[in-house]
Amino acid sequence: MTPAAALARARALLLAEGFFEVGQGTRGESFYFRLPDAEGQVRVANHARTPKQRLKHPEVVASLVVTRPLSEAALRERLSATLRDFRARRGQPMMAITPP
């Protein structure tokens, strides 16, 4: 799938896992999600953050960056790794994205 389709799919998968969208970048290329009653955010975007952005927004603890086409399996693998990072940084149990 194209990067845009992969970002849309990642957003849908996060929503299905209980995350909710809390913000969007000004250019519409970055989306921010969090779990109810949990600290920290997961970022889904088509570009990496700069060091300055990392300093200004420490609430983003994990990011999924999609810059090239991905298969569904590759996207799920990368999103699962992102969620492992998110939970590890927040001391929560790990969870994998399972196929429907």
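Here the structure is a predicted model, which is why all the values come from computation and not from measurement.

Colleague: Is there a simple way to explain the pattern of salt bridges in this structure?
Modeller: Where charged atoms from two side chains of opposite charge approach closely, those side chains can pair. Applying the stated criterion across every chain yields a total of three salt bridges. Measuring nitrogen to oxygen at the nearest pair gives 2.8 Å for the salt bridge that ties Glu 21 to Arg 11. Of this pair, Glu 21 sits in strand β1 (residues 20–24) while Arg 11 sits in helix α1 (residues 3–16), and the two are ten residues apart along the sequence. Across the salt bridge formed by Glu 72 and Arg 76, the nearest N and O atoms sit 2.9 Å from each other. A residue pair is termed a helical-turn pair when its members lie 3 or 4 positions apart in one helix, as Glu 72 and Arg 76 do in helix α3 (residues 72–90) at four residues. Each of Arg 9, Glu 72 and Arg 76 takes part in salt bridges that share partners, so that together they form one network.

Colleague: Please clarify how the pairing of strand β2 (residues 30–34) should be interpreted in this entry.
Modeller: On any regular strand, side chains alternate: one points to one face of the sheet, the next to the other face. Here β2 lies mainly inside the structure; four of its five residues are buried. Of the strand pairs in this sheet, β1 and β2 are connected by four bridges, and their pairing is antiparallel. Each residue of the ladder has a partner; that of Glu 21, found in β2, is Phe 33. Between β1 and β2, which follow one another and run antiparallel, lie five residues, and Gly 28 among them has a positive phi close to 75°. Where β2 and strand β3 (residues 41–45) come together, four bridges link them in antiparallel fashion. Bridge pairing in β3 links Tyr 32 to Arg 43. In textbook terms, the turn of a hairpin is the stretch between consecutive antiparallel strands, and for β2 and β3 this stretch comprises six residues, one of which, Asp 37, has a positive phi near 60°.

The rules behind each value
Residues numbered from 1 in each chain as written. Predicted model: local features only at pLDDT ≥ 70, side-chain atom pairs only at ≥ 80, totals over all residues. Heavy atoms only, no water. Salt bridge = Lys/Arg side-chain N within 4 Å of Asp/Glu carboxyl O. Helix = DSSP H or I, 4+ residues; strand = E, 2+ residues; numbered from the N terminus. Buried < 20%, exposed > 50% of the residue type's maximum accessible area, 1.4 Å probe, protein only. Pairing = 2+ DSSP bridges.

No statement about biological role is implied by the geometric values presented.
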